[in-house]
Amino acid sequence: MSTSLSPVTKVTTSAVGLPDSPNVDYMLPDLAAELKKYELIRVCLSGQEEVKKGGDKWLPRPNAADTSNENKARYDSYLLRAVFYNVTGNTVAGLVGQVFAADPVSEFPEQMDAMWWDVTGTGVSMTQQAKKVLGQVLAYGRCGLLTDFPPKNEDGSDFTREQVQNGEARPIIQMYSTTDIINWRYKTINAQSVLCLVVLNESYTIADDGFEIKRGRCKRVLRLDDDNLYVVDEWRPINDDPEQGWAKQPPMMPTDGAGNRLSYIPFTFVGSQNNDSNVDRPPMYDMAVLNMAHYHNSADYEDSVYMVGQPTPYFSGLTEHWVKEVLKETIQLGSRGAVPLPEGGQAGLIQAEPNSMVKEAMDKKEQQMIALGAQLVEDKKVQRTLGEAKMENAMVNSTLTSCARNTSQAMEQSIKWACDFYAVSDAEKDNVIFALSTDFAIQKMASTDRAQLIAEWQGGAITWSEMRSQLRQSGIATMDDEEAKEEIEGDAQRQIDLDKANGLGPDGKPIQDNPDDEDANKDE
């Protein structure tokens, strides 16, 4: 991840680990305790190739004590035949797709329009960045957003208004994954808890020969100084070797559009439950556990199919003389081959019974993944009551809605911080909106629910507008109420005119001539 820090002119070195040296590489225990979960989720999201690359870390050897070459070769075949069905990745992609089926609602200051189309400085739009953030939150339960203000000009002067308007200088909004946010701290200022420290994993360029770029890892430290003003530090490994300690680079002091230093750290956490700094439980962890267990069952199932899946022919009652003289030590099978047998000889096929236990275990896990929201592997034959189906959707929607709203809130806050660089007025800043849709396709009404809703309207229990509102929220109705009413009435009138032209009455039956008129005509 690139940084926007000023060029290094002087290095202050101090080896990490000494009593007077800060441990910039320190990771909070709450985060460290979740690393194994994050690794499992990451591998599942990456798919079969990454899972199989891990070998027996993700697929245990059936006979681990046997270290012979033969057993190693058997495990290689066992691994090759296993199938990892990426339910975890498909579920995250499907849920993100549900949210972005409708475009986000946004209100953006006109002078920041370029930032909407390129929010990272690498061509990623605001909507694309929001997709990435939502995917991280759904998978891992958290990530972070930094509104990264640019450094000053090389001569130390502030950016001019013309430079800002021309796009020569502008902030970007960077996303950091949960494992890249390793430390944070708060302090009380004016009776309010304020974020005063964030330590981020980043990378820097060690060497670049014009073709190959060699990178190393560094730490980016966002902090409030003794005057409670925002400072950015970068720490790099001494001699590019973290074992030798860390070296602190000259600090950067970001300013707003007026050249004033910031009194806050423009960084926000994004979580699956809320946007505080607590490490939320990863929503996809249970799915990943089941997904990996399903992978284990798949390996056993495919191995049994390979070993005993094909029928094996057998022959009995054959003598050595018969095999050598009659069969010529060769048995030809198939429609063009005949196998002569001696008196009392027999031939047949041995077919193993299906290994139903492993298959049942796979089916069971697929049903459990359905219960966790894996709709892409749903077995249509599974019967559920209406109450169970509603409860399942409510659970999925609850997590998805929370993640979508937290992402919206974090993106909106990051945009408002960027407004400070453009000197946007407080009134304009208050009008900034970024909201992801929470009207998901999975919330659409069932046909029975629609019938009940219409019956309640026809019975006078609810109004036309109330009925239409429910239909719009479920994604069924899309037109404005007045437009819909006008079109419905127009359709009804056209049907009446068509029926009249065809000699049909309002009840759809042919119009009968009036008998009194016929009698009058006869009298005349």
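Structural notes, computed from the coordinates.

What counts and how
- Residues numbered from 1 in each chain as written.
- Predicted model: local features only at pLDDT ≥ 70, side-chain atom pairs only at ≥ 80, totals over all residues.
- Heavy atoms only, no water.
- Salt bridge = Lys/Arg side-chain N within 4 Å of Asp/Glu carboxyl O.
- Buried < 20%, exposed > 50% of the residue type's maximum accessible area, 1.4 Å probe, protein only.
- Helix = DSSP H or I, 4+ residues; strand = E, 2+ residues; numbered from the N terminus.
- Patch = residues over 30% accessible without salt bridge, like charges linked within 9 Å, V, L, I, M, F, W, Y side chains within 5 Å.
- Areas by Shrake-Rupley, 256 points an atom, 1.4 Å probe, with all protein chains shown as cover.
- Lys, Arg positive; Asp, Glu negative; His and termini not counted.
- Charge placed at Lys NZ, Arg CZ, Asp CG, Glu CD.
- Phe/Tyr/Trp six-rings, centres within 6.5 Å; stacked < 30°, edge-to-face > 60°.
- Lys NZ or Arg CZ within 6 Å of the ring centre and 35° of its normal.
- Pairing = 2+ DSSP bridges.

Scanning the entire structure with this criterion turns up 21 salt bridges. For Lys-37, the salt bridge identified is with Glu-34, shortest N-O distance 3.6 Å. Under the relative-accessibility criterion, Lys-37 is labelled partly exposed at 23%. A salt bridge links Lys-324 to Glu-320, with the nearest nitrogen and oxygen atoms 3.0 Å apart. With Lys-324 and Glu-320 both in helix 10 (residues 320-326), this residue pair falls four residues apart, about one helical turn. When its relative accessible area of 42% is taken as the criterion, Lys-324 is described as partly exposed. Overlapping salt bridges bring together Glu-39, Arg-42, Glu-50, Lys-53 and Lys-57 as one network.

On the surface, Asp-480, Glu-482, Glu-483, Glu-486, Glu-487 and Glu-489 cluster together to form a negatively charged patch. Relative to the assigned elements, Glu-483 resides in helix 16 (residues 481-501). For Glu-483, a relative accessible area of 48% gives the class partly exposed.

Tallying each qualifying case throughout the model produces 10 aromatic pairs. For the ring pair Phe-108 and Trp-116, a centre distance of 5.5 Å and an interplane angle of 70° mean the geometry is edge-to-face. Looking at Arg-61, its charged tip hangs above the ring of Tyr-75, at a distance of 4.2 Å from the centre. The ring of Phe-100 has Lys-131 sitting right over it, with the charged end atom 5.6 Å from the ring centre.

The element strand 3 (residues 142-148) is extensively covered by neighbouring structure, given that seven of its seven residues are classed as buried. Residues Arg-142, Gly-144, Leu-146 and Asp-148 point to one face of strand 3 and Cys-143, Leu-145 and Thr-147 to the other, with burial holding for every one of them. As paired elements, strand 3 and strand 4 (residues 172-177) share six bridges and run antiparallel to each other. Across the sheet, residue Gly-144 finds its bridge partner in strand 4, namely Tyr-176.

Unusually for a residue other than glycine, Ala-191 sits at a positive phi of about 65°. Turning to its location among the elements, Ala-191 is positioned in the loop between strand 5 (181-189) and strand 6 (192-208). Of note, the phi angle at Asn-239 is positive, near 55°, even though the residue is not glycine. Looking at where Asn-239 falls in the secondary structure, it is placed in the loop between strand 8 (230-237) and strand 9 (246-248). The class of Asn-239 is exposed, set by a relative accessible area of 61%.

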